[in-house]
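Each chain is listed here by its residues.
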Amino acid sequence: MTLDLLIRGGTVVDGSGGPRFRADVGIKGGRIVEIGRIRTPAARTMDADGLIVSPGFIDGHTHMDAQVAWDPIGSCSCWHGVTTVLMGNCGFALAPCKPEEREWFARCLEAVEDIPTEAMMAGIDWTWETFPEYLSNVESLPKAMNYGAYIGHSALRMYTMGDRALEEAATEDDLKAMGAAVREAMQAGAMGFSTSRASTHVTPDGSPVASRIADWEEIDHLAAEMAALNAGVLQIGPDVSSGPAQRAFLDRLQKVALDSGRPIMFGTISTRQGAEPNHWQYQLDYIDETVAKGGRMFGQTTTRSINALFSFKSYLPFDNLPAWKEVRGLPPEAQKQRLADAEVRRRLVAAEAEMRPRNDEFQGGGAATTNPMKPDYGNIFVMKGVDWNDPTVAELSAAADQHPVETMIDLVLENDEQIFIQPLVNESPDDVLGLLRHPRNLATFSDSGAHVCQEMGSSLQTHMLSYWVRDREAFTLEEAVRMLTFDNASAWELPDRGLLRTGYAADIVIFDEAKIQPCLPTVQTDLPGGARRLVQKAEGIRATIINGRVAFENGDSTGDFPGQLIRARRG
């Protein structure tokens with residue numbers, strides 16, 4: 001036998017959480033066939049001396065549903081060691097969808113997830129209607145990474161009920177039709193069913209998305225369809241309102257978990273927003289209580305704050321003000337000339353007083369840029385690096401004895417690539433650490449593919465390894481790799497991924513533990529139709545191997561697209 005690929009002399013961190021060891025890894029036919037001192041000849045040998053060899057990272061919370069159609073490499077996740085993503089989260093999907101409703105579906109996805117409609121309409125060869133047809137389309141596309149998908153509640157409701165989905169409770173016939181579609185999707189290999197109760201999830205006209213119109217009995221009915229097949233995860237965008245409303249949401253979700261027996265997943269966050277925010281520990285205690293009663297439940301968390309990102313090339317917090325619109329509608333060089341003009345600057349600074357005053361409203365998602373409150377300049381950071389120690393606009397404006405708006409203008413004139421970060425939730429690193437340390441909280445909430453000009457969560461994995469492992473020493477490398485690989489593979493019941501074991505799929509990342517880290521984000525115009533997005537690459541990753549083939553070397557695509565459609569295992 002001749003191996004397809006031999007990884008020679010690396011330090012294996014196998015995903016189990018066990019201690020590292022030095023070994024070779026042999027690959028044949030997309031699978032790991034040998035681990036140890038290997039003497040079998042190989043068609044290609046990669047030298048991994050001094051490097052870590054780990055399983056590929058698994059990201060279970062993305063919105064790559066549209067991007068997979070035009071981006072075969074799967075950026076930005078692909079640059080951070082991710083080999084498998086799950087999409088269709090929070091009820092937002094592109095199937096099932098009738099041909100005449102495609103643009104409406106795209107506009108709804110833009111309203112919530114900031115994926116430009118023009119990019120979707122230009123970049124998608126929209127040939128499907130049903131969810132199984134969508135999966136077949138994804139399977140046929142060239143792709144570097146592996147993809148799995150949920151069937152989304154809002155898409156399903158709009159497909160079944162039309163305009164009534166945004167206003168009415170489902171009838172008995174509606175429930176039967178939706179149930180049949182969920183059953184069909186699960187039999188075709190859907191990872192599960194996703195929905196949302198989050199108040200920040202709205203349609204283009206500001207009304208609740210379709211899944212939020214549904215009553216809990218509708219969710220019970222659709223979860224029961226998965227239970228009948230003994231298959232699938234129910235993922236839900238949680239009610240992020242504060243106080244009793246959130247507690248009532250969690251109580252009712254527990255009933256779904258106990259009645260259906262299916263695994264439930266929702267985002268766990270720390271926030272100071274809202275009139276009566278529930279401490280993040282409450283959410284974790286609730287998960288533990290559900291499991292103690294016999295339910296299956298996981299949280300999904302990030303490795304840092306969830307942020308709104310602002311820049312000259314994308315959005316600034318003031319762009320919706322009339323005085324600012326006049327300037328921001330000009331070509332970039334003309335904008336800079338106006339921003340340097342003393343009288344124009346005076347008007348722009350004065351216009352900031354027109355912004356609505358801050359209150360205790362929870363503000364996340366697109367609301368952070370489309371309908372912003374007056375900024376808290378003590379919570380807007382001027383990004384100089386990726387180490388969570390940047391100065392705030394308030395600090396710099398105080399030092400310069402000028403208005404914060406003028407400070408931001410000066411900064412973008414000095415560097416039109418300058419990024420400003422406004423943490424929305426998970427503002428405290430210590431809170432994030434508490435969330436990450438809980439054994440039922442999955443490090444997997446990147447939102448990759450969404451909020452393309454507002455947020456940048458795709459570097460979750462490299463941030464985990466650089467900040468929490470190397471800089472803070474809060475986790476060992478073995479612990480962190482397990483959290484990014486085996487823990488996620490186990491939660492989604494992916495039987496042959498997440499570990500380096502003989503017989504497992506050869507999804508592997510080779511990296512330098514002393515150098516791995518995210519790069520600074522930049523704004524690029526590389527979406528279909530020339531739309532903008534934030535792009536963030538990484539340093540320190542030598543190679544990413546997917547299904548036994550080298551897909552990326554030193555951060556660049558090899559032009560090989562070995563990714564597969566992941567069809568969920570049936571009960």
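Attention here is on the structure that accompanies the text.

How each quantity is defined
Residues numbered from 1 in each chain as written. Predicted model: local features only at pLDDT ≥ 70, side-chain atom pairs only at ≥ 80, totals over all residues. Heavy atoms only, no water. Helix = DSSP H or I, 4+ residues; strand = E, 2+ residues; numbered from the N terminus. Buried < 20%, exposed > 50% of the residue type's maximum accessible area, 1.4 Å probe, protein only. Contact = heavy atoms within 4.5 Å. Areas by Shrake-Rupley, 256 points an atom, 1.4 Å probe, with all protein chains shown as cover. Core = buried A, V, L, I, M, F, W, Y, C linked by side-chain atoms within 4.5 Å. Phe/Tyr/Trp six-rings, centres within 6.5 Å; stacked < 30°, edge-to-face > 60°. Lys NZ or Arg CZ within 6 Å of the ring centre and 35° of its normal. Axes fitted to C-alpha atoms, helices over the stretch in contact; angles between N-to-C directions. Parallel < 35°, antiparallel > 145°, perpendicular 65-115°, else oblique. Nonpolar A, V, L, I, M, F, W, Y, C, P; charged D, E, K, R; others polar. Disulfide = S-S within 2.5 Å. Pairing = 2+ DSSP bridges.

This part covers the overall build of the chain. Secondary structure summary: the chain contains 19 helices and 25 strands in total. By its C-alpha atoms, the chain is 75 × 60 × 45 Å across when sized along the principal axes. Across the 571 residues that make up the chain, the buried fraction comes to 60%. Looking at the chain alone, contacts between residues at least 24 apart form 75% of all its contacts between residues at least 6 apart. With the model as given, the accessible surface of the chain reaches about 20,600 Å², and the carbon-plus-sulfur share is 48%.

With 115 residues, the main nonpolar core has F131, L234, L253, L465, W468, F475 and F511 as its most contacted residues. In terms of residues, this core owes the most to one element, helix α5 (residues 172-188), which gives 7 residues. Once residues within four sequence positions are removed from consideration, F475 is found in contact with L433, L436, R437, M464, W468, V469 and M483. Membership of the second largest hydrophobic core comes to 25 residues, among which are L316, V344, I409 and V412.

For the rest of this paragraph, the subject is the packing of aromatic side chains. The full count for this structure, using the stated rule, is 8 aromatic pairs. Between Y467 and W468 the ring centres are 4.8 Å apart and the planes differ by 85°, which places this aromatic pair in the edge-to-face class. Considered together, Y467 and W468 belong to a single accessibility category, that of buried residues. A network of ring pairs unites the aromatic residues W126, W128, F131 and Y134 as a single cluster. The residue whose ring lies beneath K98 is Y159, and the NZ or CZ to ring-centre distance is 5.4 Å. In this arrangement the basic side chain of R437 is found over the ring face of F475, its NZ or CZ atom lying 6.0 Å from the centre.

Turning next to the packing of helix α4 (residues 153-161) against helix α7 (residues 216-229). Two elements in contact, α4 and α7, have axes whose closest approach is 13 Å; the angle formed by their N-to-C orientations is 100°. On the basis of the axis angle, α4 is roughly perpendicular to α7. Residues H153, L156 and R157 of α4 form the contact with α7, whose own contacting residues are E218, I219 and L222. Here the contact of α4 with α7 is composed, by residue class, of 3 nonpolar, 1 polar and 2 charged.

Turning next to the state of the cysteines. For the coordinates displayed, the defined rule picks out 0 disulfides. Its sulfur unpaired, C108 is 9.9 Å from the next cysteine sulfur, which belongs to C97. Exposure remark for C108: the relative accessible area of 9% places this residue in the buried category. C76 supplies the cysteine sulfur nearest to C519, a cysteine that is in no disulfide, at a spacing of 11 Å. Residue C519 is classed as partly exposed on the basis of its relative accessible area, which comes to 21%.

Here 6 strands make up an open sheet; going across it, the order is β9-β10-β11-β12-β13-β17 and the pairing parallel. Looking at the sheet topology across the chains shown, the edges are occupied by β9 (151-152) and β17 (441-443). Bridging between strand β12 (residues 264-267) and strand β13 (residues 297-301) involves 4 bridges; their strand directions are parallel. Across the sheet, residue G267 finds its bridge partner in β13, namely Q300. Against the sheet, α7 contacts β10 (192-196) and β11 (233-237), and its axis sits at roughly 155° relative to β11. Of the strands in this sheet, β11, β12 and β13 are in contact with helix α8 (residues 244-260), which crosses β12 at around 155°.

Purely spatial values, then, with no claim about function.
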